[in-house]
Amino acid sequence: MIRLGKMEFLDIVDYIRGRYGINLEKKKVLIECRLRSELDRYGIASFKDYMKAVRADESGQMAGEMINRLTTNYTYFMREFKHFDFIRETILPAATAKNKADYQAWCAGCASGEECYTLAMIFQDYREENSAMPAAHITATDISEGALEHARQGIYPMKELGTLPPKWQEKYCTVRDEKSFEIKKLLKKDIQFKNQNLMEPEGIRKRYDLILCRNVMIYFDADSKKAMISRLENSLKPGGYLIVGLAEVLPREFTTLEFIGAAIYRKPE
Ligand SMILES: C[S@@+](CC[C@H](N)C(=O)[O-])C[C@H]1O[C@@H](n2cnc3c(N)ncnc32)[C@H](O)[C@@H]1O
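Residues numbered from 1 in each chain as written. Predicted model: local features only at pLDDT ≥ 70, side-chain atom pairs only at ≥ 80, totals over all residues. Heavy atoms only, no water.

Student: Which parts of the structure should I look at to understand the overall build of the protein chain?
Tutor: Within the protein chain, the secondary structure is distributed over 10 helices and 10 strands. Here the C-alpha radius of gyration of the protein chain, 20 Å, is about what a compact globule of 269 residues would show, namely 18 Å. With respect to the three principal axes, the spread of C-alpha positions in the protein chain is 60 × 50 × 30 Å. Long-range contacts, defined as pairs at least 24 residues apart, comprise 70% of the intrachain contacts of the protein chain with a sequence gap of at least 6. About 13300 Å² of surface is accessible on the protein chain, with carbon and sulfur atoms providing 52% of the total. Between the mean site of the 42 positive side-chain charges and the mean site of the 39 negative ones, the protein chain shows a separation of 1 Å. (Helix = DSSP H or I, 4+ residues; strand = E, 2+ residues; numbered from the N terminus. Rg over C-alpha atoms; globule rule 2.2 N^0.38 Å. Contact = heavy atoms within 4.5 Å. Areas by Shrake-Rupley, 256 points an atom, 1.4 Å probe, with all protein chains shown as cover. Lys, Arg positive; Asp, Glu negative; His and termini not counted. Charge placed at Lys NZ, Arg CZ, Asp CG, Glu CD.)

Written out as structure tokens, the structure reads:
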């Protein structure tokens, strides 16, 4: 069995931290287990040669496959649901009152899509009850192509259906068979999925009214966190909101955003 040596491990940790911001310095076993199958697949005999091949691959395909294996894509519908209550009760009424042409939201680090579909359900419901609500568009991004493909398909195991309110189960989901259900096109059509590395500022062009970047920077080291917070801040329109995960606090010295409440921040107008 191919083992991951100490120098090889440190090289992979450095590579992933430098390119994606993720800190894996305590994850030797995870790296060894998850990447071993990549070595097998390519018929490569050591982690050192594997990293050589990843670096030499100008197409970026091997790096993409590697990060796909190493990311933690855990998520679920209605996660940290108080944020969705805040969006419905505070953010959307304020956006509607402004009488804008459209409303741009970004789920950064969307994993397999449950978060952006929950957001789309909130938007759709709100719009039906408030015709003045601007047309909402959601951009959902991640670096894991596997997770993004799952999100694009919007097909989930049946056991996840029960985590949605019964009204939404019927309105927004189609049961495919006894094992799975699918999100309806009505929601999919307003979401654009994109592979985007949050550590590459050139990929981030638009300005958003709302950014959800929840449970992404918990895996980042301090420098990457700081760089990412500044990028997210720059991507907000004045008056826009940034919502991070409940376990993630933006250190005051890293941001000029106003703290509104439990992991919710706002850019001054
Ligand atoms: C734990 S999931 C969180 C999913 C969802 N936001 C939630 O709160 O349930 C973290 C996601 O962040 C993505 N991620 C990590 N580093 C990233 C980076 N540098 N750029 C873009 N996405 C990243 C991972 O691929 C993973 O899907």
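Student: Even after reading the chapter, I still don't get the sheet that holds strand β5 (residues 180-183), so can you show me in this structure?
Tutor: Within a sheet, neighbouring strands are paired by backbone hydrogen bonds and run either parallel or antiparallel to one another. The strand order β3-β5-β4 describes an open sheet built from three strands, whose pairing is antiparallel. Strands with a single pairing partner mark the edges of an open sheet, and in this sheet they are β3 (155-157) and β4 (173-175). Geometrically, the sheet is characterised by an average inter-axis angle of 30° between neighbouring strands, direction not taken into account. Relative to β5, β4 is paired through three bridges, and the arrangement is antiparallel. Considered in β5, the bridge of C173 is made with I183. (Pairing = 2+ DSSP bridges. Axes fitted to C-alpha atoms, helices over the stretch in contact; angles between N-to-C directions.)

Student: Where do I start with the side chain of T118 in this structure?
Tutor: Relative to the assigned elements, T118 resides in helix α6 (residues 114-129). Overall, the relative accessible area of 1% leaves T118 in the buried class. Leave out the neighbours within four places in its chain, and T118 touches F77, M78, F84 and W168. (Buried < 20%, exposed > 50% of the residue type's maximum accessible area, 1.4 Å probe, protein only.)

Student: Which parts of the structure should I look at to understand the domain arrangement of the protein chain?
Tutor: Interfaces are often sized by the amount of accessible area the parts lose when they come together. Per the domain assignment, the segments of the protein chain are domain 1 (6-70) and domain 2 (82-266). In this structure, domain 1 and domain 2 have C-alpha centres spaced 29 Å apart. Taken over both partners, the interface formed by domain 1 and domain 2 buries close to 760 Å², and the fraction arising from carbon and sulfur atoms is 53%. Three residues stand out in domain 1 for area buried against domain 2, namely Y20, G21 and N68, and they jointly supply 49% of the buried area on that side. On the surface where domain 1 and domain 2 come into contact, there are zero salt bridges. (Domains from an automatic or database assignment. Buried area = accessible area lost by both parts, 1.4 Å probe. Salt bridge = Lys/Arg side-chain N within 4 Å of Asp/Glu carboxyl O.)

Student: What exactly am I supposed to notice about the environment of R207 here?
Tutor: Summarising the element assignment, R207 is placed in the loop between β6 (191-195) and β7 (208-213). Among all residues touching R207, those that are not within four sequence positions of it are Q104, N234, S235, L236 and K237. At a separation of 3.0 Å, a polar atom in the side chain of R207 contacts the main-chain carbonyl oxygen of N234. (Polar contact = N/O pair within 3.5 Å; in protein donor to acceptor, adjacent residues only side chain to side chain.)

Student: Even after reading the chapter, I still don't get the site of the ligand, so can you show me in this structure?
Tutor: Around the ligand, a shell composed of 22 residues is seen, among which T75, R79, G109, D142 and R214 lie nearest. Y20 is positioned with one of its backbone polar atoms (N or O) 2.9 Å from a nitrogen atom of the ligand. Within the backbone of G109, an N or O atom sits 2.8 Å from a nitrogen atom of the ligand. Here the ligand, which alone exposes 600 Å², has 99% of that area covered by the protein. Counted by class, the shell around the ligand contains nine nonpolar, nine polar and four charged residues. (Near = heavy atom within 4 Å. Nonpolar A, V, L, I, M, F, W, Y, C, P; charged D, E, K, R; others polar.)

Student: Is there a simple way to think about the pattern of salt bridges in this case?
Tutor: Pairing is possible between side chains that carry opposite charge, provided their charged atoms lie close to one another. Evaluation of the coordinates by the stated rule reveals 22 salt bridges. The salt bridge partner of R266 is E269, with a shortest N-O separation of 3.0 Å. For R266, a relative accessible area of 17% translates into the label buried. Taking the relative accessible area as the measure of exposure, E269 reaches 62% and is therefore exposed. Look at the salt bridges and you will find they share partners, linking K98, E258, R266 and E269 into a network.

Student: What is the right way to read unusual backbone geometry from this model?
Tutor: If a residue is not glycine, its phi is most likely negative; likewise, a peptide bond is most likely trans. Look at E80: it is not a glycine, yet its phi comes out positive at around 50°. With respect to the element layout, E80 can be found in the loop between α4 (61-70) and α5 (82-97).

Student: What's the story with the UniProt feature "domain: CheR-type methyltransferase" (unreviewed entry) in the protein chain in this structure? I'm lost.
Tutor: Per the UniProt entry, the sites bearing "domain: CheR-type methyltransferase" (unreviewed entry) are residues 1-269 in this numbering. Annotated as 43% helix and 19% strand, the span residues 1-269 places its first and last C-alpha atoms 58 Å apart. (UniProt positions renumbered as here; feature names shortened; annotations may be inferred.)

Student: Quick question: what am I supposed to make of the nonpolar core here?
Tutor: Soluble globular proteins tend to bury their nonpolar side chains together. Formed by 45 residues in total, the largest nonpolar core has its most connected members in I16, I31, Y50, M66, C213 and L242. No other element matches helix α1 (residues 6-20), which puts six residues into this core. Here this core spans two domains, and each of domain 1 (6-70) and domain 2 (82-266) adds at least three residues to it. Sequence-distant contacts of C213, that is, excluding residues within four places in its chain, are made with A108, L198, M228, L232, L242, I243, V244, G245 and E248. L92, Y103, I122 and M133 belong to the second-largest nonpolar core, a separate cluster that totals 41 residues. (Core = buried A, V, L, I, M, F, W, Y, C linked by side-chain atoms within 4.5 Å.)

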